[in-house]
Amino acid sequence: MSSELDTMQHPDDSEWMPFLYGECEDAQRNVLQRHLESCSHCATKVAGWRNVQSTLDTWTLESPRAAAGATGVHVPAVAAKDSVPVRLNHDGSQFVEHHRSAGRSRSSLMTASMVLTALAVSFLTGWQISNAQHPDIADLKKSLSADVRASLVADVRREMQTQFQTLTTDKTKLTPLIESESERIITARLASLQASSDPEEKLKERQMISDILANQITLRNDLEKLAVEAEAQIIRTRRELLRLEAATRPMASEGAVLKGNAPQF
Amino acid sequence: MAIPLEHSSATLFDLMSDEAMMAIVCARSDQEVFQQLVLRWQVRLTEMCHRLTGNLHDAEDAVQEAFSRAFTAREQFRGGSKFTTWMWRIAVNSAHDVRRRQARGYQADALPGELADHRGSPNGMEGEEVREHVKLALAELPDDLREVLVLRHYQNLKLREISDILNVPLGTVYSRLAEALSRLERRLQSLNG
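The structure presented is a predicted model; accordingly, all values stated were derived computationally and were not measured. (Residues numbered from 1 in each chain as written. Chains lettered and ligands numbered in written order. Predicted model: local features only at pLDDT ≥ 70, side-chain atom pairs only at ≥ 80, totals over all residues. Heavy atoms only, no water.)

**Topic: the overall build of chain B**
Broken down by element type, chain B carries eight helices and zero strands. Sequence-ordered secondary structure for chain B, helices as α and strands as β, is α-α-α-α-α-α-α-α. Looking at chain B as a whole, 60% of its 193 residues qualify as buried. In chain B, once contacts between residues fewer than 6 apart in sequence are set aside, the share between residues at least 24 apart is 64%. Accessible area for chain B stands at about 7500 Å²; split by element, carbon and sulfur atoms hold 47% of it. (Helix = DSSP H or I, 4+ residues; strand = E, 2+ residues; numbered from the N terminus. Buried < 20%, exposed > 50% of the residue type's maximum accessible area, 1.4 Å probe, protein only. Contact = heavy atoms within 4.5 Å. Areas by Shrake-Rupley, 256 points an atom, 1.4 Å probe, with all protein chains shown as cover.)

**Notes on the packing of aromatic side chains**
Residue and element names in this part refer to chain B. One pass over the full model with this rule turns up eight aromatic pairs over all chains. Through successive ring pairs, a cluster of aromatic residues spans F34, F67 and F71. Positioned over the ring face of Y154 is R51, at 3.8 Å from the centre of the ring. One Lys or Arg, R74, reaches over the ring of F71 and ends 4.5 Å from the middle of that ring. (Phe/Tyr/Trp six-rings, centres within 6.5 Å; stacked < 30°, edge-to-face > 60°. Lys NZ or Arg CZ within 6 Å of the ring centre and 35° of its normal.)

**Some points on helix α2 (residues 31-53) of chain B**
Quick reminder: α-helices carry 3.6 residues per turn. Residues three or four places apart thus point the same way. All names here are of chain B. An ideal rise of 1.5 Å per residue puts 33 Å on 23 residues; α2 reaches only 28 Å between its terminal C-alpha atoms. W41 marks where α2 bends most, by close to 50 degrees. The N-cap residue of α2 is D30: its side-chain oxygen and the backbone nitrogen of E32 are 2.9 Å apart. G54 lies just past α2 and shows a positive phi near 90 degrees. (Expected span 1.5 Å × (residues − 1). Bend = angle between axes of the 7 residues up to and from the residue. Polar contact = N/O pair within 3.5 Å; in protein donor to acceptor, adjacent residues only side chain to side chain.)

**Considering unusual backbone geometry**
Note on backbone geometry: most residues besides glycine have negative phi, and most peptide bonds are trans. Residues and elements named next belong to chain B. A positive phi angle, near 50 degrees, is found at S29, a position not held by glycine. Turning to its location among the elements, S29 is positioned in the loop between α1 (18-28) and α2. Here N156, not a glycine, exhibits a phi torsion of approximately 60 degrees, which is positive. In this structure, N156 sits in the loop between α6 (143-154) and α7 (159-166).

**Let's talk about the packing of helix α3 (residues 56-72) of chain B against helix α4 (residues 83-102) of chain B**
Residues and elements named next belong to chain B. Contact pair α3 / α4: the axes reach a minimum separation of 8 Å and the direction vectors enclose 130 degrees. As judged from the angle between their axes, α3 and α4 are oblique. The element α3 and its partner α4 pack so that their crossing is right-handed. Facing α3, whose interface residues are D58, D61, A62, E65, A66, F67, R69 and A70, α4 presents W86, M87, I90, A91, N93, S94, A95, D97, V98, R101 and Q102. Of the residues contributing to the contact of α3 with α4, the split by class is 10 nonpolar, three polar and six charged. (Axes fitted to C-alpha atoms, helices over the stretch in contact; angles between N-to-C directions. Parallel < 35°, antiparallel > 145°, perpendicular 65-115°, else oblique. Left-handed = near helix turned anticlockwise from the far one by under 90°. Nonpolar A, V, L, I, M, F, W, Y, C, P; charged D, E, K, R; others polar.)

**Observations concerning the side chain of S196 of chain A**
All names here are of chain A. By the element assignment, S196 lies in the loop between α9 (146-195) and α10 (199-248). Residue S196 is classed as buried on the basis of its relative accessible area of 15%. A polar atom in the side chain of S196 sits 3.3 Å from the backbone nitrogen of D198. The contacts of S196, once residues within four sequence positions are left out, are E201 and K202.

Here's what the structure looks like:
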């Protein structure tokens, strides 16, 4: 054992940490794994750490959401208009109460407009807002004037309408195009099939015609699916816009929004 | 249209990244948007602070303080950085501060009075006894070792993320984690007799 320790170069304790927690590069993991298989000294050490890991796992917490109970988070006031601090329960109930009693302030409307804009733009562009994307705050600040926001919301609505019309038009144009093109090719292939006397050639032509027909059906189905999916998405987005608009209008006009003042696409 | 359909039924705020929401918070000092961030992260942060402080009461104080600090210092959040890295750093510091202010160090929820009387292998002990040993052993770790261990083992953060949160080199995270595990191993063995 002592001769083994003398001759082997043991990895430093800290080198084992990425290995222990599964964060090693493949090459490094292989090197360490090989070392582990041939070195009882390191194998014992790593086994000890793994035992600690599994022992640590015995300390489980009950759900903090349930355990946290009625205490909550207190966001400090920062300006005169925000002078009433908000008490927030873990389940958010207190927040809802505050939100309602605040009478849907102008602040709420502006915030909602910004959120609406971000959401709608993401719908239109397929931009998925994710943790990997970090908007430039300075740029965002520049774009926050009320006029710009109002203009953006209007633009988003117009753009949605345009997108929907474009898609509908494309579908109307593409379907006959696919069918006429398929028909042209199939007619040519049938002529070629009749003209040919070679059985092997005839077989190939039949196979090609069959493939063309299959492709035609697939293309038509894809187009239908795309149109249905797009239309469903437009409806869902419109519903979100309605909901948001209803939630951010003064309470007196809420009914009017839902009944007859819906955004038009 | 490249629209993620699975997102269509989510709430508006659910669709926004932390960083996008922070951009609004910074630009408008918007408490309501910040509250959505609180809702999103407070459970996870409370759990982390519970591990760091050893008890739920201090954890809740720490999280309360962390979010208050974050909102007050919102202008210091840079758009190019990750919200969670920034928020976790504030929460870790708040957890340490709460404990120091309480002037009682790490205090577990309910430490048993006669831990030293327990004998036998940790693996063979009743679950409750093992848990109490774990809490006691963690309580005795220095703050800098405990925080690395909690962030990696219980919060399941990557070592690189921990390095960013604690603002220390990656090698330091490795060495602290190794030291924490080694100390825990020795302590758990001694508790086991």
